[in-house]
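Chain by chain, the residues:
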Amino acid sequence: MDIIHSSHSKYLTDIKAVWSRHQFGPSGNYHYITNNRSESFNAFIGDAREVPIIDLIDSIRQKIMTKLDARQRCGLRWKHILVPNALKNIQDARKMTNEFIIRRSDDMRAEVISPTHRFVADLIVKECTVTVEEYWGEMPLPPDPSSF
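Description of the structure in this document. (Residues numbered from 1 in each chain as written. Predicted model: local features only at pLDDT ≥ 70, side-chain atom pairs only at ≥ 80, totals over all residues. Heavy atoms only, no water.)

This part takes up the sheet that holds strand β4 (residues 127–128). Pairing in this open sheet of four strands is antiparallel, and the strands run β1-β2-β3-β4 from one edge to the other. Two strands lie at the open edges of the sheet, namely β1 (101–106) and β4, each paired on one side alone. Note that β1 and strand β2 (residues 109–113) share five bridges and pair antiparallel. Bridging from a neighbouring strand, R104 pairs with A110 of β2. (Pairing = 2+ DSSP bridges. Helix = DSSP H or I, 4+ residues; strand = E, 2+ residues; numbered from the N terminus.)

This is the structure:
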């Protein structure tokens with residue numbers, strides 16, 4: 001390094017930054033993410049890697065334009081302003097709420113009647129006479145993120 005320029009060597013040795021993977025935590029799989037991204041990018045640009053840099057950049061620009069055009073055409077076929085999956089989730093939630101009858105006593109309190117339960121919701125004190133577990137049954141715990 002000193003061969004190039006001694007001030008550059010001093011600058012690089014004075015930096016107090018993490019320069020190697022061994023200084024990351026033992027559970028980090030950072031190299032997998034980086035490797036996957038680089039492999040995806042290489043597959044995206046395909047044979048253009050072998051051409052001069054100006055042609056490579058132009059090829060990448062063309063591929064991005066083609067991909068953006070395809071996404072825009074797909075979006076134009078949508079019949080609603082929302083993404084189709086979001087719209088389906090809202091429709092499913094709306095169907096589920098059709099089972100409930102809500103009788104308001106005032107703006108902040110209501111009696112809610114479902115096919116199997118009757119309970120009171122009070123928004124002032126933020127409480128309800130039935131819990132989620134009582135209504136839906138025991139909910140499964142989400143997976144532990146550290147197990148991945």
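On the surface, a cluster of nonpolar side chains totalling about 360 Å² of accessible area is made up of M108, L123, I124 and V125. Within the secondary structure layout, I124 lies in the loop between β3 (118–122) and β4. Relative accessible area serves as the criterion here: at 48%, I124 is assigned to the partly exposed category. (Patch = residues over 30% accessible without salt bridge, like charges linked within 9 Å, V, L, I, M, F, W, Y side chains within 5 Å. Areas by Shrake-Rupley, 256 points an atom, 1.4 Å probe, with all protein chains shown as cover. Salt bridge = Lys/Arg side-chain N within 4 Å of Asp/Glu carboxyl O. Buried < 20%, exposed > 50% of the residue type's maximum accessible area, 1.4 Å probe, protein only.)

Our next topic: the pairing of β2. Following β1, the chain reverses through two residues before pairing antiparallel with β2. Two strands pair when backbone bridges link them, and β2 and β3 are joined in this way by five bridges, in the antiparallel orientation. Looking at the pairing, I113 lines up with R118 of β3. The turn joining β2 and β3, which pair antiparallel and follow one another in sequence, is formed by four residues.

Another aspect to go through is the pattern of salt bridges. Counted according to the given criterion, the structure contains seven salt bridges. For R109, the salt bridge is made with D106, and the minimal N-O distance between the two is 2.7 Å. Judged by relative accessible area, R109 falls into the partly exposed class, the value being 32%. Its salt-bridge partner being R118, residue E111 comes within 3.5 Å of it at the nearest N-O pair.

By secondary structure assignment, the location of D122 is in strand β3. Those residues in contact with D122, other than ones at most four positions away along the chain, are M108, R109 and E127. (Contact = heavy atoms within 4.5 Å.)

Right, let's get into the environment of L82. Mapped onto the secondary structure, L82 falls in the loop between α3 (53–76) and α4 (84–97). Residue classification places L82 among the partly exposed residues on the basis of a relative accessible area of 30%. Not counting the four nearest positions on each side in its chain, L82 is found in contact with L87 and I90.

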